[in-house]
Structures are given as structure tokens and as C-alpha cells.
Amino acid sequence: MGRKNIYDKDWRYSALYQIVDWCIRGSYRKVEVAGEENIPSQGAQIACPNHCNTLMDALVMLRGYKRLTVFGARADIFHKPLFAKLLTFIRILPMVRQRDGIRNVLQNNKTQEVIVDTLENDVRFCLFPEGTHRTRHSLQVLGKGAMRIALAANEKFGDRKPVYLLPVGLEYGDYFRYRSTSLLTYGKPINVTQFLRENSFESEPQAIEALRKALSSEMTKVITYIPSDDNYEGKWALVRMCAIDGRCRGYGDRFTRLSESMARNRAIAQSIEEKLSEEPEKMTQIIGRGASFECNRRKAGVSIYSFRKNNLVLSSIFKTLAVLIGLPYFIFSAIASLPMWAVETKIRKGAKDPAFGNTVSFAIKLAVGLILFLIYTPLAFCLAPWWLALALMLLWIPSYSFLHDYLEGCRRWISDIKLLFNRQLRDEFQSIVRDFKQL
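Residues numbered from 1 in each chain as written. Predicted model: local features only at pLDDT ≥ 70, side-chain atom pairs only at ≥ 80, totals over all residues. Heavy atoms only, no water.

Participant: Please clarify how the pattern of salt bridges should be interpreted in this entry.
Facilitator: Two side chains with opposite charge may pair up if their charged atoms get near one another. Under the counting rule described, the total for this entry stands at 27 salt bridges. When the shortest N-O distance is used, the salt bridge between K319 and D416 registers 2.9 Å. A residue pair is termed long-range when its members are at least 10 positions apart, and K319 in helix α12 (residues 312-336) and D416 in helix α16 (residues 399-420) qualify at 97 residues. Judged by relative accessible area, K319 falls into the buried class, the value being 16%. Note that E344 is salt-bridged to R348, the shortest N-O span being 3.4 Å. (Salt bridge = Lys/Arg side-chain N within 4 Å of Asp/Glu carboxyl O. Helix = DSSP H or I, 4+ residues; strand = E, 2+ residues; numbered from the N terminus. Buried < 20%, exposed > 50% of the residue type's maximum accessible area, 1.4 Å probe, protein only.)

Below, the structure is given as C-alpha cells:
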């Protein structure tokens, strides 16, 4: 028997959640949740994360909060009845955007009633207020949907329990590479009920605008924030260069919390903006050199992470040994997970937006991986002794993740060797970082 309301318990959803959660964890080499003390212990929560990595944003949000969450997504993906039914099953509601037309926006009234009912029943609702994803360390203009929902919820039950807008920051080690890192940071919640009591507004639009500004301000505090798109590539390149240079003199990523890395990046980004206002001509020149370096680095096929090595010779030797040791299991992984990476490669190449790459890899791991498990398991136990079959299955389960990790390790190994013989690029890196710090 199906559930009556979108927030009702459903054993089928609970079973699927465990599989999805396992696949989400396997999609990232390192996962971290920070600021959990900011999650309100009581009241209705409307979580508002930035949107920078397509479907993976929602999946990381799902994993960063072990209790039930209902999501909002753009309404145009609900057009096909079968797909709409599936989305509703996985607790996603259609949100019509203003760009979809005034008539269609009116459909949000019905959805809003469902959301308010969900919040009243102590189930969190999550909405990406930017409305669309963008793979940049910035924040787009927020839509009004989250604020309207907050006001509607407060009007219905604000006298019984407070309504919160909860700012959330999502950061990734790489938007386009599978098995990177993910950081979810909860910011200071905005108590909408208290906010409305302490501030008098002549109209609802004024209240919405005030809440939108407050939410936007809090969201910028939980991400690496570059406020302007002007010279964005150069600024972000400079942030990474200075952060990598700092790691050369400190300790490596393996022992550094992602939240600490994000705080460092934020400080560098803020320093860039401050120096840009104080010394616009000199700073603009340095940013331009940063953009040029980024272009040269990519043409040379050198990873930015190679620049944090104090000794490229030792690093290259160590990685050569690691590549040789891991080669037998890599060959096994490549063969055992051939259907997965073959389908992944084909779909990724045909994708118009490369930002969907990680979503594709996750979907392959979830769907094709489950099918292969159901095929491989009986075959292994029918054709081999139980102990060998069990060993083969234990080796196969992490093979898809290992395949990506090994290829990434090879990429960085080759990158270290290339940088070792590229003195000009090393000098360019050091010159730009030095000039920035001396400014």
C-alpha cells in the first residue's frame, strides 16, 4: 500500500535510501559535514543550499541529514507522467519558476500547501533558491520561493513553533571529476518567526525582500565566495595557487579537514577583493597573470596539485611504485566493471553540460552496478567454490571506485613528471604567488 502523503514513511523508500546512501559515499573520496550544531533542534526547517553540481547537490544534502527530507525541483522535469511519479516517490515536488510563465507559477500555490503541511509534520524541506546550477564559487540571485514558503508556514503555525531558513554551503574538490571530495556546511539559521516579530513590514514583498537579503548574506558565509564574475577565472586560479602554496609549507590534504581548506580559500578570496579595491591596477595585472598561468598549466597537462610537492623527484618515484603495485587490481577492476565504465564514457561524451558528469557516474554506479551485482553473484557462486566466489565479489564491489582513483592517481603521477621538466611553469607559479603576497 502506497503512502498517502509525501512525508509519510515508506519501506520501499527506506530500502532504496540505504542503497543510494552507499553509492553517494562511494562517489566521493572524502566526505565531510560541518556546522551541524547550527541545525535547529525544534521548529520547521527550510534548507537552502547553493546549487553548483546538478543532482549531486541534492544527493549530498540527502546524506548530510539522516532524517527525512522532501525536495523541490524545477517543474519542467515533471512533464512525463512516469517520470513525475518516480520523482514524487523519491520525495521531490515540482517548483515552477517565474521564467516558466505567470500562469504556470500559479501551480505553486498547490505545491506550497503540500510543503507547508510537510513542515508542520516536522519533516524538513530543501529548496535550491538559486533556481539553476552553475559550476562557480559564487552565488546567483536568489528566487523568492523559499521566502514565500517560510511566510506561508509561519502564518499557519508560527504561533506554535518557529520557522527557520537554514543556509547551507556545498563545496567540491572538483565539479567534473568523479571520486573528488564534498563538503556540506550548515550556516546560522534565520528564525523567520522572530525576524517578522522584530521587524515591521508594510507588505509581503518587503518582508520577502528582507528575508532574501538576509539569506543571501548567510549563504555567502558558508562557501568560497567570489562576488563578481569579472575576471572570475583569474581570481579562482589565484585562490587555488595561494592555497596550494600554503599546503607546501603545511600539511597535506589527507590530514586537513575540508572545512579548514574552505576557510583558507575563503580568506584568500576575500584578500583578493580587498587588494583589488586598494591596488586595482596592480591587482588586476596579477589576476590576469593568474588566468594566463591557468591556461598554460592546462595546455601543459599539469595538475594544480603537483605544485604542492616540495620534492617532485621523490613524489614521482613514490607514485611510480604505487602505480605498479596497484596495476594488477586495476586490470581486474577494468575487466570486472567494463559495462559500467563503458556506458559511463559513452554518456559523458554525449552530455552537453559537463557538470552532469558526476551525476552520470553516480547513476551508473547505482543502476548498472546493482544489475551487475545481481548477475555476478549467482554466476560466481555457481561456477566457483564458495570461498573463491566470496573473494571475487569482495574484490568486485569497490572496483568501480578504485578504477577512477587509479586513473586519477596516474593522471597526477604523469603531471608530477611533466612539471619536473617544466621549470618555466614552476617559476611562473612562484612569481605570481610571491607578487600577490607582497602586494
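Participant: It is not clear to me how unusual backbone geometry should be interpreted in this structure. Could you clarify?
Facilitator: Negative phi is the rule for most residues except glycine; trans is the rule for most peptide bonds. Its identity as a non-glycine residue notwithstanding, D122 has a phi of 60 degrees, on the positive side. Within the element layout of this structure, D122 appears in the loop between α5 (108-120) and β5 (124-126). Residues other than glycine seldom take positive phi values, yet N231 does so here, at roughly 55 degrees. With respect to the secondary-structure elements, N231 resides in the loop between α8 (204-219) and α9 (232-248). Look at N231 and you get partly exposed, because its relative accessible area is 46%.

Participant: Looking at this structure, I do not really get the packing of helix α1 (residues 11-26) against helix α14 (residues 357-383). What am I missing?
Facilitator: Two quantities define a packed helix pair, namely the angle between the axes and the distance from one axis to the other. At a minimum axis separation of 10 Å, α1 and α14 run at an interaxial angle of 135 degrees. Between α1 and α14, the crossing angle belongs to the class labelled oblique. Handedness of the crossing formed by α1 with α14: right-handed. Across the interface between the two elements, I19, V20, W22, C23, I24 and G26 of α1 pack against F362, K365 and L366 of α14. Here the residues of the contact of α1 with α14 are counted per class, giving seven nonpolar, one polar and one charged. (Axes fitted to C-alpha atoms, helices over the stretch in contact; angles between N-to-C directions. Parallel < 35°, antiparallel > 145°, perpendicular 65-115°, else oblique. Left-handed = near helix turned anticlockwise from the far one by under 90°. Contact = heavy atoms within 4.5 Å. Nonpolar A, V, L, I, M, F, W, Y, C, P; charged D, E, K, R; others polar.)

Participant: I tried to follow a negative patch on the surface on my own but got confused; where do I start?
Facilitator: A cluster of acidic residues, E274, E278, E279 and E281, forms a negative patch on the protein surface. In this fold, E279 is placed in the loop between α10 (258-278) and α11 (280-300). (Patch = residues over 30% accessible without salt bridge, like charges linked within 9 Å, V, L, I, M, F, W, Y side chains within 5 Å. Areas by Shrake-Rupley, 256 points an atom, 1.4 Å probe, with all protein chains shown as cover. Lys, Arg positive; Asp, Glu negative; His and termini not counted. Charge placed at Lys NZ, Arg CZ, Asp CG, Glu CD.)

Participant: So what exactly am I meant to see when it comes to the nonpolar core here?
Facilitator: Across soluble globular proteins, nonpolar side chains have a tendency to be buried as a group. In terms of nonpolar packing, the biggest core is built from 34 residues, with I46, L119, F125 and L165 touching the most fellow members. Listing elements by their share of this core, those giving two or more residues are β2 (44-49), β4 (92-95), α5, α6 (145-157), β6 (163-172), α7 (192-198) and α8. Per element, the largest residue contribution to this core is eight residues, and it comes from α6. Those residues in contact with F125 that sit more than four places away from it in its chain are Q45, I46, A47, V70, F71, G72, L93, M95, I115, L119 and I149. Residues Y13, C23, Y28 and L166 belong to the second largest nonpolar core, which totals 31 residues. (Core = buried A, V, L, I, M, F, W, Y, C linked by side-chain atoms within 4.5 Å.)

Participant: Mind showing me how you'd approach α8 here?
Facilitator: In an α-helix there are 3.6 residues to a turn, and that puts residues three or four apart on one side. Over its 16 residues, α8 extends 22 Å from the first C-alpha to the last, a length consistent with the 22 Å expected when each residue adds 1.5 Å. Within the sequence span of α8, burial applies to A207, I208, L211, R212, L215, E218 and M219. Down the axis of α8, the buried side of the element spans an arc of 135 degrees, and every buried residue falls inside it. Exposed residues pointing more than 90 degrees away from the buried face of α8 are listed as P205 and K213. Contacts from the buried residues of α8 go to β2, α6, β6, β8 (190-191) and α7. (Expected span 1.5 Å × (residues − 1). Arc of directions from axis to C-beta.)

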